[in-house]
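Structure at a glance
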Amino acid sequence: MSHVENELSSQPECWKRAAELAAHHKDALPAPGERVAIVGCGTSLFMAQAAAALRESAGQGETDAFAASEYPTGRSYDRVVALTRSGTTTEVLELLAKVRGGARTTAVTADPETPVMRAADDVVVLEFADEESVVQTRFATTALTLLRAHLGLHTEQAVADARTALAEPLPEGLVGRTQFTFLGRGWTVGLAQEAALKMREASLSWTEAYPAMEYRHGPISISTGTTATWMFGEAPDGLAEQVRATGAQWVAGHLDPLAELVRAQRLAVAVAAARGLDPDRPRHLTRSVILDGQS
């Protein structure tokens, strides 16, 4: 069994631990009314997008999400939250140094022995969710669970649904598809983007992701009998029927959307296995992007 398979299978227990930790770290996490930016790179960017949408829709305050390299330094925020599994990513460390003193900074990381421990004002360490695989699974979802719990939005049903996502078989015929599209609405747009990234990283698949209402505005034209279109959350009226009419396989999300991401992670591993690929070692990728002059 690959590292990524072991790691994604541990997510229900990781989520439980993160939810229990949220109250302990409440002072390190955004307070109601704060103007907040959440930043990350790769998978962490998509978790930042989901968390920002959740916080703002919950009425907790204006919340933006950015790739760390694209943070708008001319804007003013009360707090910047950086999601970084490795704690070594160059863009994240440079950004934290740049904004420190102007905004309170918080890092959520998996490794307590990395430079981010000194770069941020506050740090939340989810060491139990660290990973050996290059491909992120449990750290990303555990960090988002921490933030959901902090907002009062985590439920035990999410954990139960994650167990279901690990136990039930994938939809028949899905692994044999050659093109995968993931759709979301609100906070699940970030999850859809992350599902697509997992498919690219682990299985070298052709994948895309869109806000669900945007799918009719052009992207549906690529749907064929070899396509699978997977919805995270509730689908817009009539969209499932339109997708099926193209010949594509429609996959309805019936679990908590974060648990649906677990199902998509499993799909990425299954497609990798079917293609003879090692999901732990995606080509051209490393665990952390460290640019020249950084350690």
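Use the structure listed above.
Presented here is an overview of the structure given in this document. (Residues numbered from 1 in each chain as written. Predicted model: local features only at pLDDT ≥ 70, side-chain atom pairs only at ≥ 80, totals over all residues. Heavy atoms only, no water.)

1. A short note on the packing of aromatic side chains
This is how the line gets drawn: Ring pairs are drawn from Phe, Tyr and Trp, using the six-membered ring of Trp, whenever the two centres fall within 6.5 Å, and their geometry is named by plane angle: stacked under 30 degrees, edge-to-face over 60, tilted for the rest. Helix and strand assignments come from DSSP, with helices taken as H or I runs of at least 4 residues and strands as E runs of at least 2, each series counted from the N terminus. Burial classes: relative accessible area under 20% of the type maximum marks a residue as buried, over 50% as exposed, and values in between as partly exposed (1.4 Å probe, protein chains only).
This model, assessed by the stated rule, comprises seven aromatic pairs. Seen in terms of ring centroids, F66 and Y77 are 6.4 Å apart; in terms of plane orientation they differ by 70 degrees. Their pairing is edge-to-face. Here F66, found in strand β2 (residues 63–67), pairs with Y77, found in the loop between β2 and β3 (79–84); they are 11 residues apart in sequence, far enough to count as distant. Grouping residues by exposure puts F66 and Y77 together as buried. Plain terms: the ring middles of Y71 and Y77 are 5.9 Å apart, the flat faces sit at 50 degrees to each other, and that makes the pair tilted. Judged by its relative accessible area of 4%, Y77 is buried.

2. Brief notes about the nonpolar core
For the record, the criterion: Residues enter a nonpolar core if they are buried and are Ala, Val, Leu, Ile, Met, Phe, Trp, Tyr or Cys, with the set joined through side-chain atoms within 4.5 Å.
Judged by nonpolar contacts, the single largest core of 61 residues is most densely connected at V108, L144, F182, L191 and F232. In this structure, A68, Y77, A107 and A120 belong to the second largest nonpolar core, which totals 18 residues.

3. Re the sheet that holds strand β5 (residues 122–125)
Spelled out, the test is: Pairing between strands is defined by DSSP: at least two bridges between them are needed. Angular values range over 0 to 180 degrees, each being the angle between N-to-C directions of two axes fitted as lines to C-alpha atoms, with helices fitted over their stretch in contact. In this description, contact between two residues means that some pair of their heavy atoms is separated by no more than 4.5 Å.
Ordered in space as β2-β1-β3-β4-β5, the five strands form an open sheet in which the pairing is parallel. Strands at the two margins of the open sheet, each flanked by one partner only, are β2 and β5. Between one strand and the next, the sheet's axes are offset by a mean angle of 20 degrees, whatever the strand orientation. Of the strand pairs in this sheet, strand β4 (residues 104–109) and β5 are connected by four bridges, and their pairing is parallel. Bridging from a neighbouring strand, A107 pairs with V123 of β5. Where helix α6 (residues 138–150) meets the sheet, its contacts fall on β3, β4 and β5, and the angle it forms with β4 comes to roughly 135 degrees.

4. What about the packing of helix α7 (residues 156–167) against helix α10 (residues 257–274)?
We count it as follows: By the definition adopted for this analysis, an angle is roughly parallel if under 35 degrees, roughly antiparallel if over 145, roughly perpendicular if from 65 to 115, and oblique otherwise. Crossings are sorted by hand: turned counterclockwise from the far helix by less than a right angle, the near helix makes the crossing left-handed, and turned clockwise it makes it right-handed. Under the scheme applied, nonpolar residues are Ala, Val, Leu, Ile, Met, Phe, Trp, Tyr, Cys and Pro; charged residues are Asp, Glu, Lys and Arg; polar residues are all the others, including Gly.
With their axes 8 Å apart at the nearest point, α7 and α10 run at an angle of 20 degrees to one another. By the angle between their axes, α7 is roughly parallel relative to α10. For the pair α7 and α10, the crossing hand works out as right-handed. Residues A158, D161, A162, A165 and L166 of α7 touch α10, and the partners they reach there are A259, V262, R263 and R266. Here the residues of the contact of α7 with α10 sort into six nonpolar, no polar and three charged.

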